[in-house]
Amino acid sequence: MPHAPINPYESMQASLRVASELYGLDDALFKVFMAPTRSMIVSLPVLMDNGQWEVFTGYRVQHNLTRGPAKGGIRYDINVTLDEVKAMAAWMTWKTAVVDVPFGGGKGGIVCDPNRLSMGEKERLTRRYIAEIMDIIGPDRDVPAQDMGTDAQTMAWVLDTYNMHVRRTENAVVTGKPLSLGGSLGRNEATGRGVLITAREAMQRLGKPLAGATVAVQGFGNVGSQATRLLHEAGARIVAVSDSRGAIKNDRGLDIHALLKHVSEAKTVTGFKGAEAMDPAALLTHQVDILVPAATENQITEDNAPKIRAKIIVEGANGPTAPEADPILQENGILVVPDILANAGGVTVSYFEWVQNRQGFYWREREVNERLVDYMTHAFQATFATTDKYKTNPRIGAYILALDRVAQAMKYRGFYA
Ligand code: NAD
């Protein structure tokens, strides 16, 4: 019998519950962490190109603001739900704490199919959404960025709409902007670079070099394609990749530069000449050293987890592993680099972008990348030290590291009642 769809917010709560018990978290704090601070639902009337009006639903959720302004992307996808946005906002609270940048957790989303919107429709939808959530965002309140279905152009419309309303330049209201509007060098590839850095650290933990390791990547968007390119440049052999249209493989190693060229024209990995088609579900269980899920939630479940043969899973996506799958992976000795660590490179360089905007002083790409390595390796080491200390798996280790940092900050601030 098929399982009921897994609710991502319940997945987040399940991991939080396990981590809180192991850590011995104060009951009051546990209750606070279980629910987001603020959830906003907005209706967005948009004039479509055919002259008709459509009304879209948008969300912005702020999970926790103790350590700083909320930080988190905006997702455009037909499957966006309030619970998904709540889950991702909470993951941002933990992620910003794991890499120790001074933000809380937020996330936004609009229920829409971005592939079916014209540029004009997407722009009008974005501007209306920002106008509706104006009161709760800002450089010191909540700083959006891109996520699935949104990009640097979308962030430019966010910036422009916000600045038109406040009638001044506030570049730091959003990150992931084009360079010409105060974006940071290195931001576009930052999440993929974080995947590279944590994959290398994880291989080192197993006493193996990254060069020569075989890799499969699910999802070939911003995160998946950049991670693929950087892992390839580091000497790993990418043998399988997929996107929402299908999967391809070549056990001798894909020619990544030719593949990137193919994708820039065809907009999909399918049909690439230097590979054969494969069943997308089989990509996850393909025999590789490193598996990078970089698409969406709940891809690794209790059904396929027993068949996974990778040595390491580096979670480029948010929530790709259902909670029931974790014990199976642990039992099988698979090292999971959890999402709140593995994909934190994006928010780390978003933090650098926000700092540069506020300083009005911009860093060279080398400085950005060096600082990213520094933040990510510290976060990796702190996560695994916590994992070892509590004799748990790295996901729960990362949660404990994060909730300890947020809890300490909350204890100093106290509850305002
Ligand atoms: P994107 O929209 O650029 O790309 C998503 C990719 O996944 C596309 O190639 C799409 O075809 C593919 N895809 C969707 N469903 C699929 C499926 N069932 N099987 C295989 N492929 C599928 O999005 P992105 O920004 O790369 O984000 C991907 C994931 O990484 C999301 O979970 C996102 O929340 C997370 N993430 C993104 C960033 C960032 O900086 N962009 C940062 C941290 C985490």
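Just so it is clear, the structure is predicted and the values come from calculations on it, not from any experiment. (Residues numbered from 1 in each chain as written. Predicted model: local features only at pLDDT ≥ 70, side-chain atom pairs only at ≥ 80, totals over all residues. Heavy atoms only, no water.)

(A) The sheet that holds strand 4 (residues 104–111), seen in detail. If you trace the 5 strands from one edge of the open sheet to the other, you get 1-2-4-3-5, paired in mixed fashion. Both outer strands of the open sheet, strand 1 (38–47) and strand 5 (142–146), are each paired with one neighbouring strand and no more. Averaged over all pairs of adjacent strands, the angle between their axes in this sheet comes to 25 degrees, without regard to strand direction. (Pairing = 2+ DSSP bridges. Helix = DSSP H or I, 4+ residues; strand = E, 2+ residues; numbered from the N terminus. Axes fitted to C-alpha atoms, helices over the stretch in contact; angles between N-to-C directions.)

(B) Region of interest: the pairing of strand 7 (residues 237–243). Counting buried residues in strand 7 gives 6 out of 7 residues, a clear majority hidden from the surface. Summarising the sheet, strand 6 (residues 214–218) and strand 7 pair through 5 bridges and their orientation is parallel. Considered in strand 7, the bridge of Q218 is made with S242. Taken together, strand 6, helix 7 (residues 222–233) and strand 7 form a β-α-β motif whose crossover is right-handed. Note: strand 7 against strand 8 (residues 246–249), 4 bridges, orientation antiparallel. Residue pairing in the sheet places D243 in a bridge with G246 of strand 8. Linking strand 7 back to strand 8 in an antiparallel pair, the connection comprises 2 residues. (Buried < 20%, exposed > 50% of the residue type's maximum accessible area, 1.4 Å probe, protein only. Right-handed = clockwise from strand over helix to strand, strands pointing away.)

(C) The arrangement of the domain arrangement of the protein chain in detail. We note that the domain assignment places domain 1 (36–172) and domain 2 (190–342) within the protein chain. Here the C-alpha centroids of domain 1 and domain 2 sit 28 Å apart. Between domain 1 and domain 2, roughly 780 Å² of surface is buried when both sides are summed, and carbon and sulfur atoms account for 57% of that area. Of all residues in domain 1, W91, K95 and V98 give up the largest surface area on contact with domain 2, accounting jointly for 56% of the area buried on that side. The interface formed by domain 1 and domain 2 holds 1 salt bridge in total. Ionic pairing is found between E297 and R75, a salt bridge with its closest N-O pair at 2.8 Å. If you look at where domain 1 meets domain 2, you find 2 residue pairs in polar contact (both at pLDDT 80 or more). In the side of domain 1 that touches domain 2, the residues fall into 5 nonpolar, no polar and 5 charged. (Domains from an automatic or database assignment. Buried area = accessible area lost by both parts, 1.4 Å probe. Salt bridge = Lys/Arg side-chain N within 4 Å of Asp/Glu carboxyl O. Polar contact = N/O pair within 3.5 Å; in protein donor to acceptor, adjacent residues only side chain to side chain. Nonpolar A, V, L, I, M, F, W, Y, C, P; charged D, E, K, R; others polar.)

(D) Here's a closer look at the packing of aromatic side chains. Summed over the entire model, instances satisfying the criterion amount to 10 aromatic pairs. A centroid spacing of 6.2 Å and a plane angle of 45 degrees characterise the contact between W94 and Y399, whose relative ring orientation is tilted. Of the two residues, W94 sits in helix 3 (residues 82–98) while Y399 sits in helix 14 (residues 394–413), which places them 305 residues apart along the sequence. Comparing W94 with Y399 shows no difference in burial state: the two are buried. Ring geometry for F103 and Y351: centres 5.9 Å apart, planes at 85 degrees, overall edge-to-face. Separated by 248 residues along the polypeptide, F103 in the loop between helix 3 and strand 4 and Y351 in helix 12 (residues 345–359) bring together distant segments of the chain. (Phe/Tyr/Trp six-rings, centres within 6.5 Å; stacked < 30°, edge-to-face > 60°.)

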